[in-house]
Structures are given as C-alpha cells and as structure tokens.
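Residue-level structure breakdown
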Amino acid sequence: MSFRAINQKYLEPGSQVLMVLGIIALCQPWNMLLHSYGVTIILIGLIGFNITSKIAPEEKAGTGHGADEPARNPGAPH
C-alpha cells in the first residue's frame, strides 16, 4: 500500500474526524480540560486536512490517454 493510498484511506478522514472531535470538545460542558484544548484540537485537524488534501490520489491503471486518442483540454478554445 503506497503513501497516497494510506493518505486517502486513513489520514484525510482522520483529520476530518479530529476537527469534529475538536468541535465536540469545545461544546461539551463536563470536562474543562477538553474545553480548554478544543480550539487547539480543531486547529491541528485543520492543518492536517490542509496538508493531506493537497496530496493527489493514486491514478488507476488504464486511465491515461492512448496513442491514438489525443488528450482533451476542456478549457481550451476550439
């Protein structure tokens, strides 16, 4: 399993879950320690998500363009 696959399967969703847990920690009224570190937990998750979302996912085999099929650029003028 490559780093890109691990990133897509575990790291990116993990940072999203960490942000949600930070919001829950910030809003809960029972534990003052969790409440005081809630914003820090959210920021760590946000920084992690910003880093992991920049890593491109693995390309699947056979998705490239063939020799007889030109590459399409939908933004190019025709």
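Quick look at the structure, then. Residue numbers run consecutively from 1 along every chain, following the written order of its sequence. Selection of residues for local features in this predicted model requires a pLDDT of at least 70, selection of side-chain atom pairs for listing and counting requires 80 or more, and totals for whole chains, interfaces and linings are taken over all residues. Excluded from the side-chain calculation are hydrogens and water; included are all heavy atoms of the structure.

1. Notes on the side chain of Thr 52
In plain terms, the rule: Under the scheme used here, helices are H or I runs from DSSP no shorter than 4 residues and strands are E runs no shorter than 2 residues, and both carry numbers assigned from the N terminus. Residues count as neighbours in contact if any of their non-hydrogen atoms are within 4.5 Å of one another.
Position of Thr 52 relative to the elements: it lies in helix 3 (residues 38–52). Those residues in contact with Thr 52 that sit more than four places away from it in its chain are Asn 7, Leu 11, Glu 12 and Ser 15.

2. As for the packing of helix 1 (residues 3–27) against helix 3
The condition that has to hold: Whenever a helix is involved, its axis is fitted only over the stretch in contact; in every case the axis is a line through C-alpha atoms, and angles between N-to-C directions fall within 0 to 180 degrees. Any angle that falls under 35 degrees is termed roughly parallel, while one over 145 is termed roughly antiparallel, one within 65 to 115 roughly perpendicular, and all others oblique. Crossing handedness is read from the near helix: turned anticlockwise from the far helix by less than a right angle, it gives a left-handed crossing, and turned clockwise, a right-handed one. Three classes are used, and their members are as follows: Ala, Val, Leu, Ile, Met, Phe, Trp, Tyr, Cys and Pro are nonpolar, Asp, Glu, Lys and Arg are charged, and the others, Gly among them, are polar.
Between helix 1 and helix 3, the shortest axis-to-axis distance is 7 Å and the interhelical angle comes to 160 degrees. Here helix 1 lies roughly antiparallel to helix 3, going by the angle between them. Crossing geometry of helix 1 relative to helix 3 is assigned as left-handed. Taken together, the residues of helix 3 that come into contact with helix 1 (itself represented by Asn 7, Leu 11, Glu 12, Ser 15, Gln 16, Leu 18, Met 19, Leu 21, Gly 22, Ile 23, Ala 25 and Leu 26) are Gly 38, Val 39, Ile 41, Ile 42, Ile 44, Gly 45, Leu 46, Gly 48, Phe 49 and Thr 52. For the contact of helix 1 with helix 3, the residue count by class is 13 nonpolar, 8 polar and 1 charged.

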